[in-house]
Amino acid sequence: MEIAPASVRTISEKDFFNFLLKVNQKITLLEALVRKITDKVVYLEAQAQMLQSRLNSRTAPKQPMISDVDFKQIDCLQSLESFNEKLLDKEYQDKMYQWLNAQITEVKSENRMTEAIDVLFTKRFMTKCSWTGIGRGSEKIAMMRMVNISKLFRRVGTTANIIVNQRMVMLFFMKKPRNAVRRSEMKHLRRSTSHNVPSHKPFIIALADLCRGDGAALINLSRGFSDEATAHEDT
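Here goes a summary of the coordinates provided. (Residues numbered from 1 in each chain as written. Predicted model: local features only at pLDDT ≥ 70, side-chain atom pairs only at ≥ 80, totals over all residues. Heavy atoms only, no water.)

This next bit is on the nonpolar core. In this structure, Phe 83, Phe 121 and Phe 153 are the most contacted members of the largest nonpolar core, which totals 32 residues. Elements represented by at least two residues in this core include exactly helix 3 (77-86), helix 4 (90-103), helix 5 (109-120), helix 6 (123-126), helix 7 (147-157) and helix 8 (166-175). At 5 residues, the largest contribution of residues to this core is made by helix 4. Excluding its chain neighbours within four sequence positions, the residues that come into contact with Phe 121 are Gln 73, Ile 74, Leu 80, Met 126, Met 143, Ile 149 and Phe 153. (Core = buried A, V, L, I, M, F, W, Y, C linked by side-chain atoms within 4.5 Å. Buried < 20%, exposed > 50% of the residue type's maximum accessible area, 1.4 Å probe, protein only. Helix = DSSP H or I, 4+ residues; strand = E, 2+ residues; numbered from the N terminus. Contact = heavy atoms within 4.5 Å.)

In this section: the pattern of salt bridges. In this structure the tally under the stated criterion is 4 salt bridges. Of the charged contacts, one joins Arg 145 and Glu 81 as a salt bridge, the two residues approaching to 3.8 Å between their closest N and O atoms. Remark: Glu 81 occurs in helix 3 and Arg 145 occurs in the loop between strand 2 (141-142) and helix 7; sequence separation between them is 64 residues. Between Lys 90 and Asp 94 there is a salt bridge, and its shortest N-O distance comes to 3.0 Å. One end of the pair, Lys 90, and the other, Asp 94, are both in helix 4, 4 residues apart, so they sit about a helical turn from each other. Through salt bridges with shared partners, a single ionic network connects Lys 90, Asp 94 and Arg 155. (Salt bridge = Lys/Arg side-chain N within 4 Å of Asp/Glu carboxyl O.)

The next thing to look at is the packing of helix 5 against helix 8. Relative to each other, helix 5 and helix 8 sit at 55°, their axes nearing to 11 Å. By the angle between their directions, the pair helix 5 and helix 8 is classed as oblique. Between helix 5 and helix 8 lies a crossing whose hand is right-handed. Mapping the contact onto sequence places Glu 110, Met 113, Thr 114 and Ile 117 in helix 5 and Val 169, Phe 172, Phe 173 and Lys 175 in helix 8. Residue composition of the contact of helix 5 with helix 8, grouped by class: 5 nonpolar, 1 polar and 2 charged. (Axes fitted to C-alpha atoms, helices over the stretch in contact; angles between N-to-C directions. Parallel < 35°, antiparallel > 145°, perpendicular 65-115°, else oblique. Left-handed = near helix turned anticlockwise from the far one by under 90°. Nonpolar A, V, L, I, M, F, W, Y, C, P; charged D, E, K, R; others polar.)

With that out of the way, let us pick up the packing of helix 7 against helix 8. Relative orientation of the contacting elements helix 7 and helix 8 amounts to 100°, with a least axis distance of 9 Å. The orientation of helix 7 with respect to helix 8, classified from their angle, is roughly perpendicular. The residues of helix 8 that touch helix 7, namely those facing Ser 150, Phe 153 and Arg 154, are Gln 166, Val 169, Phe 172 and Phe 173. Considering only residue class, the contact of helix 7 with helix 8 consists of 4 nonpolar, 2 polar and 1 charged.

Purely spatial values, then, with no claim about function.
Spelled out as structure tokens, the structure:
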């Protein structure tokens, strides 16, 4: 069994306390630096999305607001296919988009598409759907075949900050039908919200890099931080 050097094995409480103070100072500096970098990245992403939106947008005459349309909630495959077919008409698609936009109160893309689902489809009908049409023990209605409905959801989900693409619509419909049964049984639904939880792993990695070369005690301490963070994530 390899024995650690004496300089590593013997360390006074005062030295260890001073070491912890230095580590804490480095962590504080790292947190401040990461916050600045994160703010910059978020700002640049928002600017890039807005620029892309402006480049892709086409000048079109303003259309009057649609207060009401002749639409009945979709509750069967026949109604779904009929609606998908109607959306081939650009004028009808624009009319439906304006009508949906007037119904939706959310600002985040995923939440806007969730509201659109609640407006367009009955909750019971959504339990019969999946993105691919494959269900647990039974065949379901494949939403991926409804190309025009997917395009409508791309428009609904697109905001000034985010442009929704086909992949994002696919991931959305792959997730939502899984919860359709539970949602259909709930009388009062709480609207979906998105949460961005920052990870502390970058701080741990950066701390290990800063401490590298200061001896085995520093490396062991950084491992301790890593183990604690992992345990926190597992809870």
